[in-house]
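Chains, contacts and geometry: an overview
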Amino acid sequence: MKEINAADFEQEVLNSGKVVVDFYSTECPPCEAVAPKFEAMAELYGEKIKFVKIFRQGNRELASELGVSSSPTLLFFDNGKQVTDTISGGIKKSEIQERLDKMLSIEEVTAIKANHKAIVSEYDVAILGGGPAGLTAGIYLGQAKIKTVLIDPALPGGYMGITHQVSNYPGFDQPQPGFMLAHYMSEQAKHSGIDFKVAVDVTSVDLLKKEIVIDQLETIRAKKIIIATGTTPNTMNAPGESDYKGKGISYCATCDAKYFVDKEVTVIGGGNSAVEEALFITKFAKKITMIHQFDKLTANQTAIETLQANEKISVMYEHEPRKFEKCGDKMITTLENLKTKEISTLESDGVFVFIGFKSNVSVLGDTLPKMNNWGYIIVDEDMKTSIPDVFAVGDIISKKYRQITTAVADGTIAAITISKE
Ligand SMILES: Cc1cc2nc3c(=O)[nH]c(=O)nc-3n(C[C@H](O)[C@H](O)[C@H](O)COP(=O)(O)OP(=O)(O)OC[C@H]3O[C@@H](n4cnc5c(N)ncnc54)[C@H](O)[C@@H]3O)c2cc1C
């Protein structure tokens, strides 16, 4: 694998046969999550396809010429021509592999796959999810000398890792960057002696058999499973949203706000995360228009007052996006006024969507534990679910307050319960 700059692009990419390019940024958790997958793919496909990395912040002109407006973005070239679609954001290993396979002949792909060898590993406990809940369970289990593996398709840290400032986690007199808290917690979990299998694809989960398959080739068998898979941001499902994801529409201010210096931005949402993230974006953008479906913001009062005092932000109440389009570099959001039904358009340089979350249960296989009406897992006071030897902790469980402190508490309870059984 090679790191190159814009000056080398023609020689190293356009005149170099089959090449895959990773445009990455610093302080970008999805970029860090893609890096080990990219390396693993380079090892596997390296003889047939060249793997190249380009630092986007240092090569902005090239990135914009190629239409790259979000990090990470992967582009695939064959003899100077872009082949297959580009992928960006939270990229799965299987998404990269699928595109690499398309660049080769069936015989070449079969030969590469033959090098994959199936592996089976045995553990006392498998933790699904490396956010604060899963990491804390890992720390306690590791210190209790229980053979544990922590599995995450991303890098450890969960939402904590992409929150720009955390001011309410006890033990720090000043607000802490979320990625630092994530770093401290995951280092502490590693030092406790547990195994990490992160930035992997979770192929399947069988909660009854306690079997998890990762990257389609490694089977992990455990005596107990802790589910700590958290939540995923909701999407609007408006036409154009999936087309412009990573190409004008973002769900991560920490990752992408820095590309909107002196630009105009649209923020969809009006709850706590929308308000907090809009305030963060004001550090870069010159104007932010928030689109909110209700006639009042639904965030906490202090955040609302801070937002209202910020001259860069205005709110369009009782409006909802109906369509996203692109005109040149501009994003055009078509809006409906929910009161008058009038349709209007709003032009901006980028759109950020923060409209709540859904629980990550879809990955947990066919037999799921008992859940509440909103899809959150019901647990008892020991964090046990309705399935024997399956625990659930953190944002994924049915509870009133979803915070780092409450996630950490859940992880503690599950781990101590397991270590005393
Ligand atoms: C924008 C924002 C700001 C916030 N600010 C604060 C704050 O200031 N203070 C505070 O206390 N709380 C804050 N929160 C809430 C806090 O981040 C969450 O309550 C906390 O992170 C929940 O921890 P968790 O471990 O349950 O889940 P998460 O942090 O969501 O972690 C879940 C993990 O599971 C992984 N995962 C997903 N699917 C799978 C799978 N199939 N298999 C394995 N792993 C999987 C994910 O990659 C992720 O790493 C904020 C949340 C947001 C969204």
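Here we summarise the structure given alongside this text. Residue numbering note: each chain is counted from 1, following its sequence as written. Given that this is a predicted model, residues contribute local features only at a pLDDT of at least 70 and side-chain atom pairs are listed and counted only at 80 or more, while totals for whole chains, interfaces and linings are drawn from all residues.

Turning to the overall build of the chain, a few remarks are in order. Helix and strand assignments follow DSSP, with helices taken as H or I runs no shorter than four residues and strands as E runs no shorter than two, numbered in order from the N terminus. Check the secondary structure of the chain and you find 11 helices and 23 strands. Two things to know: the radius of gyration comes from C-alpha atoms, and the globule rule equals 2.2 Å times the number of residues to the power 0.38. Taking 22 Å as the expected radius of gyration for a compact globule of 421 residues, we find that the chain reaches 22 Å, a close match to that expectation. If you line up the chain on its principal axes, its C-alpha atoms span 60 × 60 × 40 Å. Counting other C-beta atoms within 10 Å of a residue's own tells you its class, since 20 or more makes it buried, 12 or fewer makes it exposed, and anything in between is partly exposed; those C-beta atoms are placed from the backbone. Evaluated residue by residue, the chain yields a buried proportion of 43% over its 421 residues. For the chain, restricting intrachain contacts to residue pairs at least 6 apart in sequence, the fraction spanning at least 24 positions comes to 65%. Placing C-beta atoms from the backbone, we regard two residues as in contact once those atoms come within 7 Å.

A few words now on the sheet that holds strand 17 (residues 313-317). By this definition, two strands are paired if DSSP reports at least two bridges between them. Reading across the sheet, the five strands line up as 14-21-15-16-17 and stay open at both edges, with parallel pairing between neighbours. This sheet does not close on itself; its edge strands, each paired only once, are strand 14 (249-250) and strand 17. Two elements, strand 14 and strand 21 (residues 350-353), share two bridges in a ladder whose sense is parallel. Bridge pairing links S250 to F352 in strand 21. Note on geometry: axes are C-alpha line fits, over the in-contact stretch for helices, and angles between N-to-C directions span 0 to 180 degrees. With respect to the sheet, helix 9 (residues 272-281) is in contact with strand 15 (264-268), strand 16 (287-292), strand 17 and strand 21, its orientation differing from that of strand 15 by roughly 170°.

This part is about the packing of helix 6 (residues 132-143) against helix 7 (residues 178-191). Look at helix 6 against helix 7: their axes get within 8 Å of each other, and the N-to-C directions meet at 30°. As far as their axial angle goes, helix 7 and helix 6 are roughly parallel. The way helix 6 lies across helix 7 gives a crossing that is left-handed. Every residue of helix 7 that contacts helix 6 at P132, L135, G138, I139 and G142 is listed here: M185, S186, Q188 and A189. Throughout this entry, Asp, Glu, Lys and Arg are counted as charged residues, while Ala, Val, Leu, Ile, Met, Phe, Trp, Tyr, Cys and Pro are counted as nonpolar. The remaining residues, Gly among them, count as polar. Broken down by class, the residue content of the contact of helix 6 with helix 7 amounts to five nonpolar, four polar and no charged. Here the word oblique covers every angle except those under 35 degrees (roughly parallel), over 145 (roughly antiparallel) and from 65 to 115 (roughly perpendicular). By definition, any crossing whose near helix is turned counterclockwise from its far helix by less than a right angle is left-handed, and any crossing with a clockwise turn is right-handed.

All we've got here are geometric facts, nothing functional implied.
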